[in-house]
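Structure at a glance
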Amino acid sequence: MANYLGDKERKVTTHRLMEMKQRGEKIAMITSYDYTMAGLVDQAGIDVILVGDSASNVMAGNVTTLPITLDQMIYHGKSVMKAVNRALVVVDMPFGTYQGNSKEGLASAIRIMKETHADTVKLEGGEEVIETVKRILSAGIPIMGHLGLTPQSINKFGTYAVRAKEKEEADKLIRDAHLLEDAGCYALVLEKIPSALAKRVSEELTIPVIGIGAGGDTDGQVLVVHDMLGMTNGFSPRFLRRYADLNTVIVDAVQHYSEDIKSGDFPNSEEQY
Ligand code: KIV
């Protein structure tokens, strides 16, 4: 339904993502972890901002997503929420805050919602976490699921290679996707799986499916903002498209600044009081 603000300014809701899927309009999602970046991506008109636990890698320099804590995710979520007017904001539930204990899962989700004011949470897994999913949903907290390559299980997988290439794992993924939809999740991320499988899941589910390394037939796409802006080095999976080379831009600018200080060029007479 049209809104007096127009679609460009209207706040994105979980309901609106469903409408977008029904209309065949693709959903654009990106990560952000801080106030300044979140303000920029919201200004650019992105539909969904994910405060991903990839903050563990790109913000804190950890090798995996496992070390990031609930307090740290809440800090990132709060910072992002201060900048965002339009996008739907989703905060990742970090490793160890929901697996194996649905009461703890609910308590963690409630902390995220109360302390960050984000719109929804995201968590990884299917059947193994379904009790937690149902408990969190019963409190009125919307959940985005996440299947395929689930980085919080990297120690079980032992590799970041494409998941669900074999029938058994693909069948389980399809079952898990339906379980999450039936439980009441409003959307699902599929990470690094064959595009044919992602297409099938996107067609079978009524909720929006957002892909990363899952081909072009999902209902939307997500990338880590530091990767797509070319700020990270040494991470070049096939699915990553770089839209800028900020690495070079930033290093060049800082070198220039440093040279100007050393040569006495900065500050000049107009840059002082
Ligand atoms: O944490 C994250 O950035 C994610 C995306 C890769 C989907 O979960």
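Residues numbered from 1 in each chain as written. Predicted model: local features only at pLDDT ≥ 70, side-chain atom pairs only at ≥ 80, totals over all residues. Heavy atoms only, no water.

1. A few points about the packing of helix 4 (residues 70-81) against helix 5 (residues 102-116)
The test is simple: Think of each axis as a best-fit line through the C-alpha atoms, taken over the contacting stretch in the case of a helix, with angles from 0 to 180 degrees between the N-to-C directions. Put simply, DSSP H or I for four residues or longer makes a helix, DSSP E for two residues or longer makes a strand, and each gets a number counted from the N terminus. Any angle between 65 and 115 degrees counts as roughly perpendicular, while under 35 counts as roughly parallel, over 145 as roughly antiparallel, and the rest as oblique. For any pair of crossing helices, the crossing counts as left-handed if the nearer helix is rotated counterclockwise from the farther one by less than a right angle, and right-handed if it is rotated clockwise. Whether two residues touch is decided by their heavy atoms; if any such pair falls within 4.5 Å, the residues are in contact. In this count, Pro and Cys sit with the nonpolar residues alongside Ala, Val, Leu, Ile, Met, Phe, Trp and Tyr, while Asp, Glu, Lys and Arg are called charged and the others, Gly among them, polar.
At a minimum axis distance of 9 Å, the contact between helix 4 and helix 5 shows a crossing angle of 30 degrees. Relative to helix 5, helix 4 is oriented roughly parallel. As helix 4 packs across helix 5, the resulting crossing turns out to be right-handed. Contact residues: Leu70, Asp71, Ile74, Gly77, Lys78 and Met81 in helix 4; Ser108, Arg111, Ile112, Glu115 and Thr116 in helix 5. A class-by-class count of the residues in the contact of helix 4 with helix 5 yields 4 nonpolar, 3 polar and 4 charged.

2. Brief notes about the pairing of strand 6 (residues 187-191)
To keep things clear, this is the line we draw: A simple rule labels every residue: compare its accessible area, found with a 1.4 Å probe on the protein chains alone, to the largest value its type can have, and call it buried under 20%, exposed over 50%, or partly exposed in between. DSSP-based pairing: two strands are paired if at least 2 bridges between them are found. With its strands directed away from the observer, a crossover is right-handed exactly when the path from the first strand over the helix to the second travels clockwise.
With 5 of its 5 residues buried, strand 6 lies for the most part within the structure. By the alternation rule, side chains of strand 6 split into Ala187, Val189 and Glu191 and Leu188 and Leu190, which are all buried. For strand 5 (residues 143-148) and strand 6, the ladder comprises 5 bridges, and the chain directions are parallel. The residue bridging Met144 from the neighbouring strand is Ala187, located in strand 6. Alignment of strand 6 against strand 7 (residues 209-212), held across 4 bridges, turns out to be parallel. Within strand 7, the residue paired with Leu190 across the bridge is Gly211. With helix 9 (residues 195-204) bridging strand 6 and its parallel neighbour strand 7, the resulting β-α-β unit is right-handed.

3. Comments concerning the domain arrangement of the protein
Put simply, the rule reads: An automatic or database domain assignment supplies the start and end points of every domain.
Taken domain by domain, the protein consists of domain 1 (2-242) and domain 2 (246-273). Relative placement of domain 1 and domain 2: their C-alpha centres are 39 Å apart.

4. Some points on helix 1 (residues 14-23)
Residues Arg16, Leu17, Glu19, Met20 and Lys21 constitute the buried set of helix 1. On its buried side, helix 1 packs onto strand 1 (27-31), strand 2 (48-51), strand 3 (88-92) and helix 9.

5. As for a nonpolar patch on the surface
Let me state the cut-off plainly: The patch calculation keeps residues exceeding 30% relative accessible area without a salt bridge and links them within 9 Å when they carry like charges or within 5 Å when they are nonpolar (Val, Leu, Ile, Met, Phe, Trp, Tyr). Areas reported as accessible are Shrake-Rupley estimates using a 1.4 Å probe. Residue values count occlusion only from the protein chains shown. Should a side-chain nitrogen of Lys or Arg be within 4 Å of a carboxyl oxygen of Asp or Glu, the pair is scored as a salt bridge.
A cluster of nonpolar side chains, Val249, Ile250, Val254, Tyr257, Ile261 and Phe266, forms an exposed patch at the surface whose accessible area comes to about 540 Å². If you trace the backbone, Tyr257 turns up in helix 11 (residues 246-263).

6. Focus on the sheet that holds strand 3
With respect to topology, 8 strands assemble into a closed barrel ordered 1-2-3-4-5-6-7-8, the strand pairing being parallel. On average, each strand axis in the sheet is tilted by 25 degrees relative to the strand beside it, whichever way the strands run. Here strand 1 runs beside strand 2; their pairing, made up of 3 bridges, is parallel. Counterpart to Thr31 in the pairing with strand 2 is Leu50.

7. Structural notes on the pattern of salt bridges
Any two side chains of opposite charge can pair, so long as their charged atoms come close to each other. Considering all chains together, one arrives at 13 salt bridges under this definition. For Glu169, the salt bridge is made with Arg163, and the minimal N-O distance between the two is 3.0 Å. Between Lys199 and Glu203 there is a salt bridge, and its shortest N-O distance comes to 3.0 Å. Of this pair, Lys199 and Glu203 both sit in helix 9, separated by 4 residues, roughly a single helical turn. Note on Glu203: relative accessible area 57%, which makes it exposed. Through salt bridges with shared partners, a single network forms among Asp71, Arg111 and Glu115.

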